[in-house]
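# Breakdown of the fold
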Number of protein chains: 2
Amino acid sequence: MQGVDGAWLPPGAFRAIGARRTLIRGSGPLVDTLHRDTADACERFGGRVDREASPGPYALVLELTGSDASEAFTFERQGGRTSVTASGAAGLLYGFFHVVRLGEEAFTGTRARRTHRPAVPLRMLDHWDNVAVHPVMGQVERGYAGGSLFWRDGRARADLLPRVSAYARLLASCGINAVAVNNVNVHAAEARLLTDRIGEVAALAREFRAYGIRTHLSVSFAAPVVLGGLATADPLDPGVRTWWAEAVARVYREIPDFGGFVVKADSEGQPGPFAYGRSHTDGANLLAEALRPYGGTVHWRAFVYNHHQDWRDRGTDRARAAYDHFVPLDGEFAPNAVLQVKHGPMDFQVREPVSPLIGAMPGTRLAVELQATQEYTGQQRHVCWLGPMWSEVLRFRPEDRGSVGELASGGLVAVANTGDDPYWTGHPLAQANLYTFGRLAWRPDADVSVILDDWIRLTFGAEPEVAAGVRAVLDGSWRTYEKYTAPLGVGFMVQPGHHYGPGVDGYEYSPWGTYHFADRDGVGVDRSAATGTGFAGQYADRWAEAYESPGTCPDELLLFFHHVPYGHVLGSGRTVIQHIYDTHFEGVEEVEEARRVWASLAGSVEPGRHARVAELFEEQVRCAREWRDQINSYFLRKSGVPDARGRIVY
Amino acid sequence: MQGVDGAWLPPGAFRAIGARRTLIRGSGPLVDTLHRDTADACERFGGRVDREASPGPYALVLELTGSDASEAFTFERQGGRTSVTASGAAGLLYGFFHVVRLGEEAFTGTRARRTHRPAVPLRMLDHWDNVAVHPVMGQVERGYAGGSLFWRDGRARADLLPRVSAYARLLASCGINAVAVNNVNVHAAEARLLTDRIGEVAALAREFRAYGIRTHLSVSFAAPVVLGGLATADPLDPGVRTWWAEAVARVYREIPDFGGFVVKADSEGQPGPFAYGRSHTDGANLLAEALRPYGGTVHWRAFVYNHHQDWRDRGTDRARAAYDHFVPLDGEFAPNAVLQVKHGPMDFQVREPVSPLIGAMPGTRLAVELQATQEYTGQQRHVCWLGPMWSEVLRFRPEDRGSVGELASGGLVAVANTGDDPYWTGHPLAQANLYTFGRLAWRPDADVSVILDDWIRLTFGAEPEVAAGVRAVLDGSWRTYEKYTAPLGVGFMVQPGHHYGPGVDGYEYSPWGTYHFADRDGVGVDRSAATGTGFAGQYADRWAEAYESPGTCPDELLLFFHHVPYGHVLGSGRTVIQHIYDTHFEGVEEVEEARRVWASLAGSVEPGRHARVAELFEEQVRCAREWRDQINSYFLRKSGVPDARGRIVY
């Protein structure tokens, strides 16, 4: 088969190529892949593909000119012929998908020779898939797209290998080149993927490899103890080093292009080097050393904080934790150790400042982690296209050296939002997040509205009214979601545990370090250097100064950085309390409008997909109203300040 | 074996009888039971038991003088001989346990002839045990004592039949004569107990029967559809009536003394007659009709309310629901239909008024339901002896006809707090609740402090310092629990779902009808007739008048009936807000003191039991502090009224 059902590569997406004559020059597994996909398309649409030139004109020539590891390709259209050349097979594959994306446009007019190359070398998806069903977190931790594509009830899903192949095609088509196949929380069954169950990982790696994607594994720092029977996992213990070296050797025997490890250590209960009085560089470098001979990388997550905080203790600030832990270690990580940093200092809230860590470790390779799975942004029951948020983050310049996208020399990573759902992502429109992530990872300064248009065209076709409707539904959906949930950067206010739906005080008296401190006079967290936790001082001067004062702090982050009276006047001219009231009504109205627009597309969108989204909109409207009413009643009861328009249920 | 390990009938409790000569006159299964238990005791303690008189004096004569169904017995001690006579075998059994309870006292001095008879004919435990593990509620719904004594993972526990026999002995020893062996929420596996799995119920019934306990079953109102394959469960449908008649006939073939059914209908998602446009009397009488030929009873629960309430709707009051639903049906229930009413109008909170339904249905047999399992009172991790609360409830006189204990002509029922835990109830001291329930059900006007002393003596022996210590720990524990949790009758404020630990707004914006309406000015629910939901008007005049006004409403129920300003002065002279602050500090101090007292008993209490309670006290202290601090910080932030003693973390 060619195409990927249910997603942005329906068979029709290959029509422009499949209906023409294509010549593919070069050899190797990736060239075989794109030849097979082209041949499949030709079989369906009546074209032809050759690997040796024969007489007659070719509409498309794909040519591998070398054998290097470059992912770049050169595209041009001259004299009625479209050509893609690349010195590396991966580049040719990306060039092929570039042609697919352009469709008929790739075969009209003239296009000057242009070389495309990814700005970020590692573009990775991290699956939080468990092998065994976790009693609380289930098969996929924070998964909203059905079961896992890889695992079910403790076993590998051999039944889904063809679907994994289609998945690999889907990922390659938007530029993703690395996948971690298991959850960063590594439980007992998952730990064994590293050793006696490595064959199951190898089977997945075969499918991904055919599309230029390297496979990575989340491992437990305690593996030498848990799996190896050693008495310690101390990173400086010679036996431990030997154990890891041998374990890695076995992995590479099964998976020669294995990408490396992802490690969540000393975080939310996972084991780590702290238990042995060692540093995180000791821990990361231990694994880096084992991986180095084979070209592997360790992704060491910077998500380390005290998750047993006493809510009574206002001196501790979780937002500070990553910086406090890791900045002192700058320059000490091995070259093939990457510090993987969440884009914000907390945990994937709908609005956070950029993590100050990202600008503060010039001597360390950083990867920046985004969350495609919508844990805090509607859980794939709400439409929430995250492109604009990610774009803002990636364009943000923590300091003069460059933007976040430029500073992410260790790669861009997203937590996957995919599963065995027929539409891959539960909510069919959540695919746009996956696609956007891939394209942004290729080019972090790309215009996300163009990316969105591409996804819509590929998925829904080129009919202008349909495209306009889908765009209207998605385009502002992140800001809409922000409007009806936690206001002004304050974060959380969700139901504990599952994190769906409003719970204003849900995390207010908890050990998780996630507070809003609302009282009868005001709301927000004072993170200033002068009177607060000092978090604002972790930024380079320009941002430290801007965030330090309520007068210069951007409105949308005000309550992240400051505790202000309800009557505080925002840059917008509204008071904080009236802003809360108004945005919550606006947010619901915008969801209702989006639902109306989607309803108008009935008949123009594949019926199953239309019905699924229509049904989810009912839930989104219900839930948005619940958010609006709980937040507004909560603040009305607490502040006593009436809504200027008198709309709120007391 | 005699005695019951881990509980209030250790083998030593039978010493006084077992060391003497006993004559047992009469025949039948219950007489065989008490003969066997006496013989076991004699074997251990060197006494002797005869069934035919032989020469020499008898210290104890137990004589069955008739064959009726009476549960009364006559006890006397004259001329150095203790005698128990009864015209019914059950009475003789209770007389036997009366002697056990008295111990050596039963054999000293002279005691005038006195006849004891239960004030309440049905003294029942309802187990909320599931047969199959429920994905959310587990093996035992709201169970805090390990697994079920009856079921595990979908199967009957044949392994525990000897333990069920010991359990029956334990229950009979405090006067319980009926047990429902499965949860009122009847899921798929449980439904089949009525039909093809009735043999498993019969096996339990055999063990209970030997101790005079009848077995009851919770059934699904939808059984004719779910099990019988009928198209309807409409109570007026002739086919449905026939189905129930045949089902009941089959039950009685297996269990000739079967007690009857317990039904939760049209409640929290369970099916019921409303689906067919029929009334609850239609539903209850359908089952009563089927049970009548065999002397069975249907217990129809009055726990019917809207659990999809919109929190924005202040006109709906869950407290009103049982009265509103059932009072219009008074006089229409069949004679063998019992309406089973929770003692309070809400749901087993630490403090509620008595349900107004209890005084308002003179033409209906009512059973009053208490909750021994500590869902809302510390979940058997906290010491909370409920005797004083139950005693208050049972002595309360809703109107002139009598007290709650007297109005409960259909029986007293407790939701069981037992499981397969070695101490039967998880927290070893929670046994006191089970024992107290049995004794109160026998005699609702009994002095609970005497009952507590009996339980302590039976369980811990007669050593005065130990007894005084255990009494100090238990005696005021309910009021202590009340002090550190939801104040002044307002209820809830727990974590949603599992109901453990504080969550002030946990149920504030929920569909469950459980609100406190705290705002910056005040707190509480206006249930007055004049300005509130009208609930206060459901009571007979005397109570309606008392509850109607904040000035006459008892302090401890103030926030149940009224929304008052934080500065409102209580009958105690304290303001509401200072009362909240003070009682929360007092409650924690009392728990700390109880922990200290318990620690002082080390060496005087069986080590395993001492350690278990000591460990649980650590959790109780931790949790009580959490309650104190969350409640106090919440109200300080909201009210802005400082604590007069400045103790509260903001």
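Above: the structure in question.
Residues numbered from 1 in each chain as written. Chains lettered and ligands numbered in written order. Predicted model: local features only at pLDDT ≥ 70, side-chain atom pairs only at ≥ 80, totals over all residues. Heavy atoms only, no water.

## Considerations on the overall build of chain A
Rules: Secondary structure is summarised from DSSP: a helix means a run of H or I of at least four residues, a strand means a run of E of at least two, and numbering begins at the N terminus for each. We take the radius of gyration over the C-alpha atoms and set the globule estimate at 2.2 Å times the residue count to the 0.38 power. Accessibility here uses a 1.4 Å probe with only protein chains present; expressed as a share of the type maximum, an area under 20% marks a residue as buried, one over 50% as exposed, and anything in between as partly exposed. Pairs of residues are marked as contacts when any of their non-hydrogen atoms sit within 4.5 Å. Note on areas: Shrake-Rupley with a 1.4 Å probe; residue coverage comes only from the protein chains shown.
Within chain A one finds 20 helices and 20 strands. What you see for chain A is a C-alpha radius of gyration of 25 Å, in line with the 26 Å of a compact globule of 650 residues. Counting only C-alpha atoms, chain A reaches 80 × 65 × 50 Å along its principal axes. In chain A, which comprises 650 residues, the proportion classed as buried is 64%. Considering only residue pairs separated by 6 or more positions, chain A has 70% of its internal contacts joining residues 24 or more positions apart. Put simply, chain A shows about 22,100 Å² of open surface, and 51% of that area lies on carbon and sulfur atoms.

## A short note on the packing of aromatic side chains
Quick note on the threshold: Aromatic pairs are defined between Phe, Tyr and Trp rings, using the six-membered ring for Trp, whenever the two ring centres lie within 6.5 Å; interplanar angles under 30 degrees are classed as stacked, those over 60 as edge-to-face, and all others as tilted.
Scanning all chains against the criterion turns up 70 aromatic pairs over all chains. With 4.9 Å between their ring centres and 90 degrees between their planes, tryptophan 311 of chain A and tyrosine 509 of chain A make a pair best called edge-to-face. Within this pair, whereas tryptophan 311 of chain A is found in the loop between β15 (297-301) and α10 (321-326), its partner tyrosine 509 of chain A is found in the loop between α16 (477-484) and β19 (522-523), the two being separated by 198 residues in sequence. For tryptophan 311 of chain A, a relative accessible area of 3% puts it in the buried group. When the centroid spacing of 5.7 Å and the interplanar angle of 40 degrees are considered together, the rings of tyrosine 515 of chain B and phenylalanine 517 of chain B count as tilted. According to the relative accessible area criterion, tyrosine 515 of chain B is buried, its value standing at 7%. Note on phenylalanine 517 of chain B: relative accessible area 8%, which makes it buried.

## Description of the environment of arginine 77 of chain A
Residue and element names in this part refer to chain A. Note the following rule: Under the rule applied, a polar contact is a pair of N or O atoms within 3.5 Å (in protein, one hydrogen donor and one hydrogen acceptor; residues adjacent in sequence only if both atoms are side-chain atoms).
Of note, arginine 77 is situated in strand β4 (residues 73-78). With sequence-adjacent residues up to four places away left out, arginine 77 is seen in contact with Ala59, Thr82, Ala106, Phe107, Thr108, Gly109, Thr110 and Arg111. A polar contact is formed between the side chain of arginine 77 and the side chain of threonine 82, at a distance of 2.7 Å.

## Some words on the relation of the copies chain A and chain B
To be explicit about the condition: Superposing the copies works by least squares over the C-alpha atoms of residues that have pLDDT at least 70 in both of them.
Mapping chain A onto chain B calls for a rotation angle of 180 degrees and an axial translation of 0.0 Å; the resulting RMSD is 0.1 Å. Taken together, the rotation and translation describe the operation of a two-fold axis.

## Focus on the sheet that holds strand β4 (residues 73-78) of chain B
Hydrogen bonds between backbone groups are what pair the strands of a sheet, and the pairing can be parallel or antiparallel. Residue and element names in this part refer to chain B. The condition is simple: Strand pairing is assigned whenever DSSP detects at least two bridges linking the two strands. The axes are straight lines fitted to the C-alpha atoms, using for helices just the contacting stretch, and the angles between their N-to-C directions are given from 0 to 180°.
As summarised here, the arrangement of the six strands in space is β2-β1-β3-β5-β4-β6, forming an open sheet in which the pairing is mixed. Bordering the open sheet on either side are β2 (48-50) and β6 (111-116), each of which pairs with just one other strand. Strand-to-strand, the axes of this sheet are offset by a mean angle of 15 degrees, without reference to chain direction. With four bridges joining them, β4 and β6 adopt antiparallel strand pairing. Directly across from phenylalanine 73, in β6, lies its bridge partner histidine 116. Contacts from helix α3 (residues 89-102) reach β1 (21-25), β3 (60-68), β4, β5 (81-88) and β6 within the one sheet, and its direction differs from that of β5 by about 155 degrees.

## Focus on helix α6 (residues 198-209) of chain B
Residues and elements named next belong to chain B. Put simply, the rule is: To estimate the expected span of a helix, subtract one from its residue number and multiply by 1.5 Å.
Given a rise of 1.5 Å per residue, 12 residues ought to cover 16 Å, and the 16 Å separating the end C-alpha atoms of α6 matches this to within 8%. Every buried residue of α6 is accounted for by Ile198, Val201, Ala202, Ala203, Leu204, Ala205 and Phe208. The elements touched by buried residues of α6 are β10 (151-152), α4 (161-173), β12 (178-180), β13 (214-218) and α8 (238-254).

## Looking at the environment of leucine 204 of chain A
Residues and elements named next belong to chain A. Tracing the backbone through its elements, the reader meets leucine 204 in helix α6 (residues 198-209). A sequence separation of 40 residues divides leucine 204 from valine 164, and the C-alpha atoms of the two residues are 7.4 Å apart. Sequence-distant contacts of leucine 204, that is, excluding residues within four places in its chain, are made with Phe150, Trp151, Leu161, Val164 and Val181.

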